[in-house]
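One letter stands for each residue in the lines below.
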Amino acid sequence: MSLIQQLHAVREAQARAQAAREELAVPAQALLARGQRYPLTTVGIATGAGFVLGQLNVHPLRVPGLGALLSGTAAEVVGQAMRLVAEFTQDTSDFT
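Residues numbered from 1 in each chain as written. Predicted model: local features only at pLDDT ≥ 70, side-chain atom pairs only at ≥ 80, totals over all residues. Heavy atoms only, no water.

Caption draft 1: Spatial organisation of the overall build of the protein chain. Along the protein chain, the regular secondary structure elements total 4 helices and 0 strands. Here the protein chain displays about 8,200 Å² of accessible surface, and carbon together with sulfur accounts for 66% of that area. (Helix = DSSP H or I, 4+ residues; strand = E, 2+ residues; numbered from the N terminus. Areas by Shrake-Rupley, 256 points an atom, 1.4 Å probe, with all protein chains shown as cover.)

What follows is the structure in C-alpha cells.
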C-alpha cells in the first residue's frame, strides 16, 4: 500500500470517527443532563448495580470501563470524587 493510499485510509477513518462522535454527543449529553437533574436516582441506580454485581460475585475488572476507572492513581480517583461532589452540591444550591 502506498503512502498516499495509507493517508487516504487514515483520513477516512478519522472522518468516520468524527461522525460517530457527533452522533453519540446528543444522547450522551441528554444522559448527563438527566443525571444532573436527578442525582439521587443516579446514585440509587449505581448503588443497586453495585449490590447486584456484588451478589453475583462479578469481579469489578470484568465490567467494561470499570477497570480503567480503578487502574488510575489515588489522586485521580479523589479528583473525580471531588468533581462529583461539586456537581451535586451545585445542583442542590439551586433549590435554596
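Caption draft 2: The arrangement of a nonpolar patch on the surface in detail. On the surface, a nonpolar cluster with roughly 320 Å² of combined accessible area is contributed by F51, V52 and L56. As for its placement among the helices and strands, L56 is situated in the loop between α2 (39-55) and α3 (66-70). For L56, a relative accessible area of 58% gives the class exposed. (Patch = residues over 30% accessible without salt bridge, like charges linked within 9 Å, V, L, I, M, F, W, Y side chains within 5 Å. Salt bridge = Lys/Arg side-chain N within 4 Å of Asp/Glu carboxyl O. Buried < 20%, exposed > 50% of the residue type's maximum accessible area, 1.4 Å probe, protein only.)

Caption draft 3: Quick look at helix α1 (residues 3-37). Taking 1.5 Å of rise per residue, 35 residues should cover 51 Å, and α1 covers 50 Å from first to last C-alpha, within 8% of that figure. Roughly 35 degrees is the biggest bend found in α1, and it falls at A25, with proline P27 one to four residues downstream. (Expected span 1.5 Å × (residues − 1). Bend = angle between axes of the 7 residues up to and from the residue.)

Caption draft 4: A look at the environment of F88. For F88, the position within the fold is in helix α4 (residues 74-93). When the C-alpha atoms of F88 and Q36 are compared, they prove to be 7.3 Å apart, with 52 residues separating the residues in sequence. Excluding its chain neighbours within four sequence positions, the residues that come into contact with F88 are G35, P39 and V43. (Contact = heavy atoms within 4.5 Å.)

Interpretation note: all reported values are geometric properties and have no functional meaning in isolation.
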